Amino acid sequence: MPMTQTDDLSDTEHLILAYLQSHTPRECMLDKISTGISKSRATVLKYLGMLHARGIIGYTFIGRSKLWMLKEAAGVEERREAAVAAAPSGDSQSLASLAFELHKLRLREAEVVEALDHPETVVLTVTDDLTIVGKNRLFASLFPGAVSLRDVVRPAQAVRLEGAMARAGAGTPASLELDLMEKAGIFRPYEVTLFPPRPGEPAGGMAVVGEDLSSRRRTRRHLEALLSIIRAAGSAPDEERLLVEAMTGIREKLLPYLHAAVFMADMRMAYATFALTGSVRDGLAPFLARAMTALGTVAAGKDEEVVRLLAAATGSTSAASAVAVPILEEERATGAVLLLLDAPATATDVENVEMVADEIASALKMQRLDRERSEYVNTFLAMNRISGILNDTRDEGSMLAKSIDAAMESLGFEMGCVYLRDEADEMVPRVQRNMPESLRLMCLSGSFDRLFDLAFRERRVVYITRGTPDYAGLPPDVKASGVATVLIMPIRIGDEVVGLLNMGSRDEKHYMATSLENISSIGLQLGMALERSRLARALEGDHA
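Residues numbered from 1 in each chain as written. Predicted model: local features only at pLDDT ≥ 70, side-chain atom pairs only at ≥ 80, totals over all residues. Heavy atoms only, no water.

**Topic: the layout of surface pockets**
So, step 1. The computed volume of the largest pocket comes to approximately 970 Å³.
So, step 2. Surrounding the largest pocket, 36 residues form its lining, E239, R368, R371, E508 and H510 being those nearest its centre.
So, step 3. Contributions of two or more residues to the lining of the largest pocket are made by α10 (220-234), α11 (239-254), β12 (332-341), α14 (347-392) and β16 (462-465).
So, step 4. The element that contributes the greatest number of residues to the lining of the largest pocket is α14, accounting for 11 residues.
So, step 5. Residue composition of the lining of the largest pocket, grouped by class: 12 nonpolar, eight polar and 16 charged. (1 Å grid on protein atoms, 1.4 Å probe; cavity = no way out; pocket = protein on both sides within 12 Å on 5 of 7 lines; lining within 4 Å. Points joined across faces, edges and corners; volume = space filled by probe spheres on them. Helix = DSSP H or I, 4+ residues; strand = E, 2+ residues; numbered from the N terminus. Nonpolar A, V, L, I, M, F, W, Y, C, P; charged D, E, K, R; others polar.)

**Regarding the sheet that holds strand β15 (residues 427-433)**
So, step 1. Spatially, β15-β14-β18-β17-β16 is the arrangement adopted by the five strands of the open sheet, whose pairing is antiparallel. For this open sheet the edge positions go to β15 and β16, each flanked by a neighbour on one side alone. The mean inter-strand angle of the sheet, taken between neighbouring strand axes irrespective of direction, is 15 degrees.
So, step 2. With six bridges connecting them, strand β14 (residues 415-421) and β15 associate as antiparallel partners. (Pairing = 2+ DSSP bridges. Axes fitted to C-alpha atoms, helices over the stretch in contact; angles between N-to-C directions.)

**Structural notes on helix α12 (residues 278-294)**
One full turn of an α-helix is made of 3.6 residues, so residues set three or four places apart face in the same direction.
So, step 1. The first and last C-alpha atoms of α12 sit 24 Å apart over 17 residues, in line with the 24 Å expected at 1.5 Å per residue.
So, step 2. The principal kink in α12, of about 35 degrees, is found at A285, preceding the proline P286 by one to four residues.
So, step 3. Among the residues of α12, those classed as buried are V280, L284, F287, L288, A291 and M292.
So, step 4. The inward-facing, buried residues of α12 contact β8 (259-264), β10 (298-301), α13 (305-314), β11 (321-329) and β12.
So, step 5. Downstream of α12 by one or two residues, L295 has phi in the positive range, about 55 degrees. (Expected span 1.5 Å × (residues − 1). Bend = angle between axes of the 7 residues up to and from the residue. Buried < 20%, exposed > 50% of the residue type's maximum accessible area, 1.4 Å probe, protein only. Contact = heavy atoms within 4.5 Å.)

**Overview of the environment of C417**
So, step 1. Along the chain, the position of C417 falls in strand β14.
So, step 2. Residue class for C417 comes out buried when judged on its relative accessible area of 2%.
So, step 3. Taking the C-alpha atoms as reference, C417 lies 5.3 Å from N502; in sequence the two are 85 residues apart.
So, step 4. C417 has contacts with I404, V431, Q432, M435, L500, L501 and N502, leaving out every residue within four places of it along the chain.

**Some details on the side chain of S321**
So, step 1. Summarising the element assignment, S321 is placed in strand β11.
So, step 2. Taking the relative accessible area as the measure of exposure, S321 reaches 1% and is therefore buried.
So, step 3. Within the structure, S321 has its side chain in polar contact with the backbone oxygen of A343 (distance 2.9 Å).
So, step 4. Not counting chain neighbours up to four residues away, the residues in contact with S321 comprise A300, V307, L339, L340, L341, A343, P344 and A345. (Polar contact = N/O pair within 3.5 Å; in protein donor to acceptor, adjacent residues only side chain to side chain.)

**Quick notes on the packing of aromatic side chains**
Geometry of an aromatic ring pair is reported as the spacing of the ring centres plus the angle between the planes.
So, step 1. All told, the structure shown has five aromatic pairs when counted by the stated rule.
So, step 2. Measuring from ring centre to ring centre gives 4.8 Å for F139 and F143, while their planes differ by 45 degrees; the resulting arrangement is tilted. For the pair F139 and F143, a shared accessibility class is recorded, and that class is buried.
So, step 3. Among the aromatic residues, those joined into a ring-pair cluster are F139, F143 and Y190.
So, step 4. Its end group placed over the ring of F187, R154 keeps NZ or CZ at 4.1 Å from the ring centre. (Phe/Tyr/Trp six-rings, centres within 6.5 Å; stacked < 30°, edge-to-face > 60°. Lys NZ or Arg CZ within 6 Å of the ring centre and 35° of its normal.)

**Some remarks on the pattern of salt bridges**
Pairs may arise between side chains of opposite charge once their charged atoms sit close together.
So, step 1. Taken as a whole and judged by the stated rule, the model has 24 salt bridges.
So, step 2. One salt bridge connects R308 with E305, and the closest N-O pair in it is separated by 3.1 Å. Taken as a pair, R308 and E305 lie in helix α13 at a separation of three residues, close to a single helical turn.
So, step 3. Counted as one network, the salt bridges with shared partners bring together E182, R188, D212 and E351. (Salt bridge = Lys/Arg side-chain N within 4 Å of Asp/Glu carboxyl O.)

**With respect to empty space enclosed by the protein**
So, step 1. Taken as a whole and judged by the stated rule, the model has one cavity of 30 Å³ or more.
So, step 2. When its volume is computed, the largest cavity comes out at roughly 170 Å³.
So, step 3. Only β14, α16 (437-445), β17 (485-493) and β18 (496-505) provide two or more residues apiece to the lining of the largest cavity.
So, step 4. Considering only residue class, the lining of the largest cavity consists of 12 nonpolar, three polar and no charged.

**Examining the sheet that holds strand β9 (residues 269-272)**
So, step 1. The strand order β9-β8-β12-β11-β10 describes an open sheet built from five strands, whose pairing is antiparallel. The sheet is open, and its two borders are formed by β9 and β10, each paired with just one other strand. Across the sheet, the mean angle from the axis of one strand to that of its neighbour is 15 degrees, orientation sign disregarded.
So, step 2. The sheet contact formed by β10 and β11 spans four bridges and is antiparallel. What sits directly across from G301, in β11, is S321.

Here it is in structure tokens:
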């Protein structure tokens, strides 16, 4: 640059020129120049305009941003743009040649993308400041929001990465182990090698190849622990024992968590190592719902609200992250395992817990199917017993009492009642068994009228458990009493509903559609017997 152009420049202008000489055009936007020379944006913008007016510097546009550069470099860029602008727009052959050139580049790109598509190896290229330029499909899927390699490296390992960059920058490939953050609070270990460009390859950056080390980190001890947990869970007699075995196994053999809980899809807490209040449940619900909706593990770091909420609820002073692992049955989530940890989880830890969650899902499904089969058999027993009662009993009161006793005993319900419609079309209680006073009063006060109307209107069995939508609509006192299953069976004469047989249980009952049809037939049996009894009384009255 001629001395006559710069001998009368101010100190600020000299600083700007020095910055432009020592930085690549990509780093010469207004914001970066302002930061680099410690001057305000307004001051830098003013002097950039003055230098440009004197012909010392120029600029080019990238999007809406100006990249400033010394006039010689700017001239090269301006000549390139002029050459493009000067291309004869009417020269179809030239345009066709450019189109074929682009076509070849796209084909080559597709070939390279396929060649880089390795199942356990991430491949990317970065600039000298670690900005990501290119990446293979695996990296793009695992780290979709990453702009810089720094975005996904565990902060404590940043210094090691800088050292490897320096070694690679000197011309020698450099290898190191790095934990890359796939999700907030979840890191996967990689053996990463940084390759400097060879002669003929683009300068100003390097290639990064990372091999997943998760499978190597899963030791024989881990595999034996998983097998032990799976065996214990598979032989558990019920949900409670299953979850105790599985969660204890995780804590003692796989991942020593601070606290844990297992929630079902309806937010019922089936297992926990801490007391749960309503406000804590409400605070956890969005986090758990995210895992169950996405059908994938979600995690939260130390500064996120869910971790602070769990730390306060459990009194844990060392809480550093939380993980929610969905319990999946086919393509839906039936619950989630929640863990509070004192350190960010590794991908290996998470995958181990996911395997346990899959076994929990499988064991819960088998338990449910066993219960459904059992309930299916019980419905036949109830039908046979009630059929015998109805054939042998003519007195209406005795018939109702014996029928509800047989139904409750065969189907395993602890409480029940029978209502019949009277001549004024009012529901009159006829038989009650083990009904708590609060529930009896609610029946009389009309708290169940909505469900009764549903059974009358649709002439079908109303079956409600904690996992069904109608459970939320039950009166609070019903849920507070511990009732987990409500069964309302219409007593029918043809298509007319003449009464209801209602039962409740503190256990969750699982019925298949066929079982509910069998239960519905009990109501039809009972209705026919009532009609027969009433006709018999009417005939006796006529003969009297």
